[in-house]
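# Inside the fold
Below are the chains, spelled out letter by letter.
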Amino acid sequence: MEKTCFFISFLIYRCDDFVVNDTKLGLVQKVREHLQNLENSAFTADRHRKRKLLENSSLNSKLLKVNGSTNALCATGLRNLGNTCFMNAILQSLSNIQQFCCYFKELPAVELRNGKTAGRRTYHTRSQGDNNVSLVEEFRKTLCALWQGSQTAFSPESLFYVVWKIMPNFRGYQQQDAHEFMRYLLDHLHLELQGGFNGVSRSVILQENSGLSASNKCCINGASTIVTAIFGGILQNEVNCLICGTESRKFDPFLDLSLDIPSQFRNKRTKNQENGPMCTLRDCLRSFTDLEELDETELYMCHKCKKKQKSTKKFWIQKLPKVLCLHLKRFHWTEYLRNKVDTYVEFPLRDLDMKCYLLEPENSGPESCRYDLAAVVVHHGSGVGSGHYTAYATHEGRWFHFNDSTVTLTDEETVVKAKAYILFYVDRQAKSGSDKL
Ligand SMILES: [Zn+2]
């Protein structure tokens, strides 16, 4: 029912946009009036009926039209504090990864965490040795501020202050790489959560509260936290000496996978080439997991040959994470500057099957390797030090576009056209599991 109401209201807003806006431009208005007159009376009557319906359900309606755009009342934007769209796009994406976001939102506020020493900050931070700031606490506050139905954008100043304090490379107001920021953010959240509080290890709390079993844990630098439990996967890195054939295997934990856009798709296409094959996410995943002969510059120390030799490398996914974060390497260093690969990469909104990249696919259930898209970060513009970041994310079945302080409702057709930079895919099993909780 809510879905139907929403759909009707969306239609009406579109109609209203057509009549009401752009009054400053007389000419546009005249054309609009003319077109409006062409609409037949049956349609008008239908509209009145729909409007009545909408008025009756106005309390339920989560949409508000502001300045002609369909704004999403339930979603809260994030103010840009001076080129901080890289941070906003990541925060909005993470805020729509329910399992991850809920964990933080359910944490008690810092002041309430210890009854005996109420009012005093007892939160232990191991990573930065500064007990006056807590990234976890500021992150928690920011997530709580989003999706509260506030019409005014939230200003993430205090979070940004902590980011400046503990991640010096993000100081200043230059444009930053959103992917780099996400990695720093997740790493620091992980480290701080590992520190625990009140003498109780956070990893114990995680096990008790979220029902995540020990087998789901992926340990990066020790104990598991919500960060590794959600984003942690394991790669098997297989290197073969091309001279003696000795194979060496290494397990590498990961929080995200950085995928190259294959070179044949990297050049900007001219009109004549437009009909050529389109680059897909599968192409990028395949090039990541394909057998690769390492360059002369990357010789591998073979323990049998006892010297550096030419080798091949292959990645397998040993364990898939609950949320698969895929970063498309759009920025490449040339001699003097970082160039952007602006190629469109086709990606699925639902049912990304990762089974074929698994080391032991036979050990996984039929539903365990399938993912649906939860959010996507997009970089607009040409260079890493310039341009603008926005994010698309899905919330309760609707897609939203997060552009700093502006949040607008959008649709699947728009999302699939985006030139993705970071994609967040949620495991279908984990999703249905969290729905049940
Ligand atoms: Zn060898």
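All chains use their own residue numbering, which begins from 1 and follows the written sequence. A pLDDT threshold of at least 70 governs which residues receive local features in this predicted model, and a stricter bar of 80 or more applies before side-chain atom pairs are shown or counted, although totals over entire chains, interfaces and linings include all residues.

## Concerning the overall build of the chain
- Helix and strand definitions follow DSSP, with helices as H or I runs of at least four residues and strands as E runs of at least two, each counted in order from the N terminus. When helices and strands are counted, the chain shows 13 helices and 20 strands.
- Field definition: a residue is buried when 20 or more other C-beta atoms are found within 10 Å of its C-beta, exposed when 12 or fewer are, and partly exposed for counts in between, with C-beta atoms placed from the backbone. Residues counted as buried form 31% of the 437 residues belonging to the chain.
- Relative to all contacts within the chain whose residues are 6 or more apart in sequence, the contacts with residues 24 or more apart total 67%. In this description, any two residues whose backbone-derived C-beta atoms lie within 7 Å of each other are considered to be in contact.

## Details of the sheet that holds strand E10 (residues 311-319)
- Two strands are said to pair when DSSP picks up at least two bridges between them. With antiparallel pairing, the four strands of this open sheet are ordered in space as E4-E3-E10-E7. The sheet is open, and its two edges are formed by strand E4 (247-254) and strand E7 (292-293), each paired on a single side.
- For strand E3 (residues 233-241) and E4, the ladder comprises eight bridges, and the chain directions are antiparallel. Within E4, the position partnered with Leu235 by the bridge is Asp252.

## With respect to the pairing of strand E18 (residues 398-403)
- With five of six residues buried, E18 lies mostly within the body of the structure.
- As paired elements, strand E17 (residues 388-395) and E18 share five bridges and run antiparallel to each other. By the bridge assignment, Ala391 is partnered in E18 with Phe402.
- Here E17 folds back onto E18 in antiparallel fashion, the turn holding two residues, of which Glu396 has a positive phi close to 50°.
- Pairing of E18 with strand E19 (residues 406-410) involves five bridges; the strand directions are antiparallel. The residue of E19 that forms the bridge with Phe402 is Val407.

## Describing helix H6 (residues 135-145)
- Leu135, Val136, Glu137, Phe139, Arg140, Thr142 and Leu143 are the residues of H6 that are buried.
- Those residues of H6 that are buried lie in contact with helix H4 (85-95), helix H5 (98-105), helix H7 (157-166) and helix H8 (178-194).
- Looking one or two residues past H6, Trp147 carries a phi angle of roughly 60°, positive in sign.

## Details of the confidence of the model for the chain
- A residue-level look at the chain finds 68% of positions with pLDDT of 70 or above and a mean pLDDT of 75.
- As a per-residue measure, pLDDT reflects the predictor's confidence and takes values from 0 up to 100. Of the regions scoring below 50 in pLDDT, residues 112-130 engages in 35 contacts with residues more than four places distant in sequence or in other chains.
- Considering only residues more than four positions removed or in separate chains, one finds that residues 197-219, a stretch of pLDDT under 50, has 38 contacts.

## Remarks on the packing of H6 against H8
- All axes here are fitted lines through C-alpha atoms, helices being fitted over the stretch that makes contact, and every angle between N-to-C directions spans 0 to 180 degrees. Relative to each other, H6 and H8 sit at 115°, their axes nearing to 9 Å. Contact residues: H6 offers Leu135, Val136 and Phe139, while H8 offers His188, Leu189, Glu192 and Leu193.

## As for the environment of Glu238
- You can see Glu238 is positioned in strand E3.
- Glu238 sits 77 residues away from Phe315 along the chain, and the two C-alpha atoms are 6.3 Å apart.
- Once you skip the residues sitting within four places of it in the chain, Glu238 turns out to touch Glu247, Arg249, Lys314 and Trp316.

## Quick word on unusual backbone geometry
- We note that Asn83 has phi near 55°; this positive angle belongs to a residue other than glycine.
- Tracing the sequence through the fold places Asn83 in the loop between strand E2 (69-72) and H4.

## What to know about the packing of H6 against H7
- For the pair H6 and H7, interaxial distance at closest approach is 9 Å and the crossing angle is 155°. Relative to H7, H6 is oriented roughly antiparallel. Once H6 is placed against H7, the crossing between them reads as left-handed. Note on element contacts: H7 touches H6 through Ser158, Leu159, Val162 and Ile166, opposite Leu135, Glu138, Phe139 and Thr142.
- Residues are grouped as follows: Ala, Val, Leu, Ile, Met, Phe, Trp, Tyr, Cys and Pro are nonpolar; Asp, Glu, Lys and Arg are charged; all remaining types, including Gly, are polar. Partitioning the contact of H6 with H7 into residue classes produces five nonpolar, two polar and one charged. Oblique is the label for every angle not falling under 35 degrees (roughly parallel), over 145 degrees (roughly antiparallel), or within 65 to 115 degrees (roughly perpendicular). A clockwise turn of the near helix away from the far one marks a right-handed crossing, whereas an anticlockwise turn of less than a right angle marks a left-handed crossing.

## Some points on the environment of Asn83
- For Asn83, a count of 17 C-beta atoms within 10 Å gives the class partly exposed.
- Sequence separation between Asn83 and His388 is 305 residues; the distance between their C-alpha atoms is 8.0 Å.

## What about the environment of Ala229?
- Looking at the element boundaries, Ala229 is found in helix H10 (residues 226-231).
- Accessibility expressed as a C-beta count within 10 Å gives 23 for Ala229, which makes it buried.

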